[in-house]
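What follows is each chain in one-letter form.
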Amino acid sequence: MKVLLIGSGGREHALAWKISVSPLLSRLYCAPGNPGTAEIAKNIDLNVADHAAVVRFCVKKHIDLVMIGPEAPLVNGLADSLRNSQIRVVGPGAKAARLEGSKGFTKDLCARFSIPTAAYGRFKNMAEAKAYIYTHGAPIVVKADGLAAGKGVIVAMTIKEALAAVDACFDGAFGTAGTEVVVEEFLQGEEASFFCLCDGTIAFPFGTAQDYKQIGEGDTGLNTGGMGAYSPAFVMTSDMVKCTMRRIIEPTMKAMITIGTPFKGILFAGLMITKDGPNLIEYNVRFGDPECQVLMMRLQNDLLPLLVAAADGKLSTCKQPTWSDDISLTVVLAAKGYPEAPEKGSFIEGIEEAAALPDIVVLHAGTALQNGRLVTNSGRVLNVTTHDKTLRATQRKAYAAIRKIRCPGGFWRSDIGWRAYARED
Ligand code: AMP
Ligand code: GLY
């Protein structure tokens, strides 16, 4: 099979790494890919915003399957353009991608179909949003409706902070994403990322993880795309997985059919496990980054036939995938200045030494080749990923490996996984 993978991050290197070992694969292209994917696939220069160009490429190269990694092309309808040209694709069309593209859409769907989530209000008007905040008090959560690269959520501990967040949204701090605002109840509990592979009707549970979103040690400071992750999330016991499927995922699949936009692709539920069970915080319509890296390390099956079955609406013909009992963990090496103003152009050495250690896979994200030398090229640079029987052993391996990498313009968090210590000790 010939496969085109869209994206350029650590998530896509992880997918390419997994797809590249499939006996079914004859050729893998990445658009645009990164220096890591270049080692196992052919990187191509395609403007993915130009849907006609992507379709032309697929026709010319006889592509059998397109896998879309990031949310932006999905929300922009790339999967629709491909399907309309009879090209097989994993990923929702634009209407189903509203599950990620509009928080208000998802909240309304949850309300209509009794899917557990925080109580909320949707506002296009600043005064009404503020009145809701005064009525409900703090802590309270203010969210820009649209895509805001993970930055449009403010968990406000005081009414003053919540009001300032509403001002920021309507003043354009998140661009057009903030022209509508969702204000919602603050949920208390433990967070987990839950993934499903969906074919329009059926959803297969596809792994769990916990992401470390904040920049600083001990979960402090600004939110990022994710500074590391481990899988499986200890809070997602098999009973909790079943409960999440029954209360959240299956009703969502049915709801999407009812409204005429069946969900095909990767459904990523951000959950808060409260004392009453799982609540939906948000949906994403793609794998998480860096969660994908730890999921791919634990997946025991060939990924490609599962992706094909999901794209064809034929998951009913497949067995559910199996997962290693090991714990996998990834640590992000980020560029100094991330997330506000990452420095670019610092050299990176020692990847081979790190990757030579047992069970270590170094996945590229924001790297580039400059005159034959590997350098940092955006906020999140590399993901050092590994697995072992216990969280502590996995951590030790990951950190021993990342210390082999020399990158004067880079840094990492030294405590990825810490929230799970209490459950393991
Ligand atoms: P999101 O971008 O929607 O995942 O939100 C970013 C982060 O804000 C989440 O990972 C949570 O830590 C936090 N958050 C979002 N919504 C809520 C909520 N209703 N209650 C408590 N924390 C929340
Ligand atoms: N790591 C969180 C995300 O990909 O949305």
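See above for the structure.
A brief look at the structure comes next. Because the structure is a prediction, the values reported are computed rather than measured.

1. Side note on helix α7 (residues 126-136)
At step 1: Of all the residues in α7, the buried ones are Ala129, Lys130, Tyr132 and Ile133. Across the axial projection of α7, the buried residues extend over an arc of 155 degrees, all falling on one side. Those residues of α7 that are exposed and aimed more than 90 degrees away from the buried face are Ala127, Tyr134 and Thr135.
At step 2: Where the residues of α7 are buried, they touch β6 (120-123), β7 (140-144), α8 (159-170) and β9 (181-185).
At step 3: Two or three places before Ala127, at the start of α7, stands the capping residue Asn125, its side-chain oxygen 2.9 Å from that residue's backbone nitrogen.
At step 4: Phi for Gly137, located one or two positions after α7, is positive at around 75 degrees.

2. Quick notes on the packing of helix α6 (residues 103-112) against helix α9 (residues 238-258)
At step 1: One can describe the packing of α6 onto α9 by two numbers: an axis separation of 10 Å at closest approach and a directional angle of 105 degrees. In terms of orientation, α6 and α9 fall into the roughly perpendicular class. Contact with α6, carried on its side by Phe105, Leu109 and Arg112, involves Thr252, Ala255, Met256 and Thr258 of α9 and no other residues of that element.
At step 2: Residue composition of the contact of α6 with α9, by class: four nonpolar, two polar and one charged.

3. Some remarks on the sheet that holds β9
At step 1: Across the sheet, which stays open at both edges, the four strands sit in the order β6-β9-β7-β8 with antiparallel pairing between neighbours. Lying at the two open borders of the sheet, with one neighbouring strand each, are β6 and β8 (153-156). The average undirected angle you get between the axes of adjacent strands in this sheet is 15 degrees.
At step 2: Bridging between β6 and β9 involves four bridges; their strand directions are antiparallel. Bridged to Phe123 within β9 is Val181.
At step 3: Against the sheet, α6 engages β6, β7, β8 and β9, with an angle of about 140 degrees to β6.
At step 4: Contacting β6, β7, β8 and β9, α8 runs over the sheet at an angle of about 5 degrees to β7.

4. Section: the site of ligand 2
At step 1: The immediate surroundings of ligand 2 are formed by Asp211, Gly225, Phe268, Asn284, Arg286, Gly288, Asp289, Pro290 and Glu291.
At step 2: Gly225 is positioned such that a nitrogen or oxygen atom in its backbone is 2.9 Å from a nitrogen atom of ligand 2.
At step 3: Contact distances for ligand 2 include 2.9 Å between a nitrogen atom and a side-chain N or O atom of Glu291.
At step 4: Considered class by class, the residues forming the shell around ligand 2 number two nonpolar, three polar and four charged.

Calculation rules
- Residues numbered from 1 in each chain as written.
- Chains lettered and ligands numbered in written order.
- Predicted model: local features only at pLDDT ≥ 70, side-chain atom pairs only at ≥ 80, totals over all residues.
- Heavy atoms only, no water.
- Buried < 20%, exposed > 50% of the residue type's maximum accessible area, 1.4 Å probe, protein only.
- Helix = DSSP H or I, 4+ residues; strand = E, 2+ residues; numbered from the N terminus.
- Arc of directions from axis to C-beta.
- Contact = heavy atoms within 4.5 Å.
- Polar contact = N/O pair within 3.5 Å; in protein donor to acceptor, adjacent residues only side chain to side chain.
- Axes fitted to C-alpha atoms, helices over the stretch in contact; angles between N-to-C directions.
- Parallel < 35°, antiparallel > 145°, perpendicular 65-115°, else oblique.
- Nonpolar A, V, L, I, M, F, W, Y, C, P; charged D, E, K, R; others polar.
- Pairing = 2+ DSSP bridges.
- Near = heavy atom within 4 Å.

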